[in-house]
Amino acid sequence: MRWGVLQFPGSCDERDALAACARTGAEGRLVWHEERDLEGIDAVVVPGGFSYGDYLRAGAIARFSPAMEAVSEFAAAGGPVLGICNGFQVLCEAGLLPGALLLNESMRFTCRQLELIEENPDRFHSPEGHKPISFSTLSIPAKHGEGRFWAPEEVLDELEARGQVAYRYAPGQNPNGSARDIAGVRNEGGNVVGLMPHPEHAVDPLTGSTDGLRVFEAVAAAGVAA
Amino acid sequence: MPRARVLIRPKEGILDPQGKAVERALPALGFEGIEHVHVGRMVELDVEDPARLGELCEKLLANPLIEDYEIEQLDGAA
């Protein structure tokens, strides 16, 4: 198992993501945005930060990078992809995930530890080796200014019906005004997952929670099952 | 090369916190009777083939899911 963590000009959480990958017991390496080849990589992380300065719209320019072209092909072939924060925005802009991330309702950058509810419908469990973790609660920090998940009402209904809501903010903890408290979504195949909170910052007991590791493990398992 | 201006704004019905913040600031400055403030962006560019501007807006300048755009040809061209 080998992770690839994309690195754009303006990424800032790629090294924490790489450290988190290492804690899942797998290897990993950084993939510079100009690389077009994901040879030898089994799972991809699109990390947080401010790719290309977030000019125009968060994630709008990163989606045209050679590395993202490679990620689109990788995802289409069923490869597991995890987008965190800016990475989630990039995946939405690239059309790999539904919806969009808008300015926080409060107009303020939010930075705090919060509770996430993980929703793992049965069809996204791997046949073996990964324990079902339906509706468990994870303690993970969030830090973003543009994290308000939005999609048209009919798309939200479809996402819920198909089990594509991957993470929700626990009641009363929605930090940005996201529709239906949605913190993260997955694609129809379940191999592409994006969320605004930062699981890579919750992997060491020293900082209070190791729940973030489960996010990485769930994505890796979804890829194995695909 | 023909010059064009693209105006991009949040779609009707999508909460626009920037517009709301501006709107809330106005009464304190003595500006009464102003509502429905929306903040968008403007892109000006020179373009060889203005027929391709729509495609450019759909793919990059705007996110059609959440934003509307208007293309305005400058230089008095149609």
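Let me begin by describing the structure that accompanies this report. Small disclaimer: the values here were computed from a predicted structure and weren't measured.

1. What about the overall build of chain A?
Line of reasoning, step 1. A tally of regular secondary structure across chain A gives 5 helices and 11 strands.
Line of reasoning, step 2. Here chain A has a C-alpha radius of gyration of 16 Å; the compact-globule value for 226 residues is 17 Å, and the two agree.
Line of reasoning, step 3. If you line up chain A on its principal axes, its C-alpha atoms span 40 × 40 × 40 Å.
Line of reasoning, step 4. Put simply, chain A has 226 residues, and 58% of those count as buried.
Line of reasoning, step 5. The contacts of chain A with a sequence gap of at least 6 include a subset with a gap of at least 24, amounting to 74%.
Line of reasoning, step 6. In the structure as shown, chain A presents an accessible area of about 9,000 Å², 51% of it carried by carbon and sulfur atoms.
Line of reasoning, step 7. Here chain A contributes 18 positive and 31 negative side-chain charges, whose respective centroids are spaced 2 Å apart.

2. Considerations on the layout of surface pockets
One water molecule sets the probe size; rolling that probe over the atoms shows where empty space is left.
Line of reasoning, step 1. Empty space within the largest pocket amounts to approximately 710 Å³.
Line of reasoning, step 2. Lining the largest pocket are 41 residues, with Ala58(A), Leu101(A), Leu102(A), Leu103(A) and Glu146(A) positioned closest to its centre.
Line of reasoning, step 3. Contributing elements (two or more residues each) for the lining of the largest pocket: helix H3 (86-93), strand E5 (100-102) and strand E7 (136-144) of chain A together with strand E1 (3-10) and helix H1 (17-25) of chain B.
Line of reasoning, step 4. Looking at the lining of the largest pocket, the element that brings in the most residues is H3(A), giving 4 residues.
Line of reasoning, step 5. Considered as a void within the structure, the second largest pocket measures approximately 170 Å³ in volume.
Line of reasoning, step 6. Forming the boundary of the second largest pocket are Glu12(B), Gly13(B), Ile14(B), Leu15(B), Asp16(B), Gly19(B), Lys20(B), Glu23(B), His36(B), Val37(B) and His38(B).
Line of reasoning, step 7. In the lining of the second largest pocket, the residues fall into 3 nonpolar, 4 polar and 4 charged.

3. A short note on H3(A)
Residue and element names in this part refer to chain A.
Line of reasoning, step 1. Counted residue by residue, H3 has 8 buried out of 8 residues, so it is predominantly covered.
Line of reasoning, step 2. Along H3, the positions that sit buried rather than exposed are Asn86, Gly87, Phe88, Gln89, Val90, Leu91, Cys92 and Glu93.
Line of reasoning, step 3. Following H3 by one or two positions, Gly95 has its phi on the positive side, about 80 degrees.

4. A word on the interface of chain A and chain B
Line of reasoning, step 1. Across the boundary between the two partners, chain A contributes 17 residues, which contact 14 residues of chain B.
Line of reasoning, step 2. Buried surface at the junction of chain A and chain B, both sides included, amounts to about 1,300 Å², of which 71% is carbon and sulfur.
Line of reasoning, step 3. Its largest share of buried area at the contact with chain B, chain A owes to Leu56(A), Arg57(A) and Trp150(A), together 39% of the area lost on that side.
Line of reasoning, step 4. For the interface between chain A and chain B, the tally reads 1 salt bridge.
Line of reasoning, step 5. The salt bridge partner of Glu67(B) is Arg57(A), with a shortest N-O separation of 3.7 Å.
Line of reasoning, step 6. At the junction of chain A and chain B, the tally comes to 5 residue pairs in polar contact (both at pLDDT 80 or more).

5. A word on the packing of aromatic side chains
Residues and elements named next belong to chain A.
Line of reasoning, step 1. On inspection of all chains with the given rule, the structure shows 3 aromatic pairs over all chains.
Line of reasoning, step 2. Note on Trp3 and Phe216: the rings are 5.6 Å apart at their centroids and 65 degrees apart in plane angle, and the pair reads as edge-to-face. Within this pair, whereas Trp3 is found in strand E1 (residues 2-7), its partner Phe216 is found in helix H5 (residues 212-225), the two being separated by 213 residues in sequence. Accessibility classification places Trp3 together with Phe216 in one group, the buried group.
Line of reasoning, step 3. Here Phe88 and Phe149 contribute two aromatic rings whose centre-to-centre distance is 6.1 Å and whose plane-to-plane angle is 10 degrees, an arrangement assigned as stacked. Taken together, the residues span a long stretch of sequence, with Phe88 in helix H3 and Phe149 in strand E8 (residues 148-150) at a distance of 61 residues.
Line of reasoning, step 4. You can call Phe88 buried: its relative accessible area is 0%.

6. Here we look at the side chain of His198(A)
Residues and elements named next belong to chain A.
Line of reasoning, step 1. Among the secondary structure elements, His198 is positioned in the loop between strand E11 (192-195) and H5.
Line of reasoning, step 2. Taking relative accessible area as the criterion, His198 reaches 0% and is therefore assigned buried.
Line of reasoning, step 3. When residues no more than four places from it in sequence are discounted, the contact partners of His198 are Asp13, Gly48, Ile84, Cys85, Ile140, Pro141 and Lys143.

7. Side note on helix H2 (residues 66-76) of chain A
Residue and element names in this part refer to chain A.
Line of reasoning, step 1. Those residues of H2 that fall on the buried side of the exposure criterion are Ala67, Met68, Ala70, Val71, Phe74 and Ala75. End-on, the buried residues of H2 take up no more than an arc of 155 degrees, which puts them together on one face.
Line of reasoning, step 2. Immediately beyond the C-terminal end of H2, within one or two residues, lies Gly78, with a positive phi of roughly 95 degrees.

Conventions used here
- Going along each chain's sequence as written, the residues are numbered from 1 onward.
- Ligands are numbered from 1 and chains lettered from A, in the order in which they are written.
- Where totals are concerned, whole chains, interfaces and linings use all residues; where local detail is concerned, this predicted model gives features only for residues with pLDDT of at least 70, and gives and counts side-chain atom pairs only at 80 or more.
- The basis for the side-chain values is all heavy atoms of the structure; hydrogens and waters are excluded.
- Helix and strand definitions here come from DSSP, where helices need a minimum of 4 consecutive H or I residues and strands a minimum of 2 consecutive E residues; each element is numbered from the N-terminal end.
- We take the radius of gyration over the C-alpha atoms and set the globule estimate at 2.2 Å times the residue count to the 0.38 power.
- Relative accessibility thresholds used throughout: buried, under 20% of the residue-type maximum; exposed, over 50%; partly exposed, between the two (1.4 Å probe, protein chains only).
- Contacts are assigned to residue pairs with any non-hydrogen atoms lying within 4.5 Å of each other.
- Surface accessibility in these figures is a Shrake-Rupley result with a 1.4 Å probe; residues are shielded only by whichever protein chains are displayed.
- Two residue types count as positive, namely Lys and Arg, and two as negative, namely Asp and Glu; His and chain ends fall outside the count.
- All charge positions are set by atom: Lys at NZ, Arg at CZ, Asp at CG, Glu at CD.
- The rule is simple: put a 1 Å grid over the protein atoms alone, call a set of points where a 1.4 Å probe fits but cannot get out a cavity, call an open set with protein on both sides within 12 Å along at least five of seven lines a pocket, and count a residue as lining if it has an atom within 4 Å of a point.
- Grid points are joined across faces, edges and corners, and a volume is the space filled by probe spheres set on the points.
- Polar here means any residue other than Ala, Val, Leu, Ile, Met, Phe, Trp, Tyr, Cys and Pro, which are nonpolar, and Asp, Glu, Lys and Arg, which are charged; Gly is therefore polar.
- Accessible surface is computed with a 1.4 Å probe, and the buried area is the amount of it that two parts give up when combined, taken over both parts together.
- Just to be clear on terms, a salt bridge is a Lys or Arg side-chain nitrogen sitting within 4 Å of an Asp or Glu carboxyl oxygen.
- A 3.5 Å cut-off defines polar contacts: any pair of N or O atoms within that distance qualifies, except that in protein one atom must be a possible hydrogen donor and the other a possible acceptor, and neighbouring residues in sequence count only when both atoms are side-chain atoms.
- Side-chain rings of Phe, Tyr and Trp, where Trp is taken by its six-membered ring, are said to pair if the distance between their centres is within 6.5 Å; with planes under 30 degrees apart they count as stacked, over 60 as edge-to-face, and otherwise as tilted.
- This arc describes the spread of directions from the helix axis toward the C-beta atoms.

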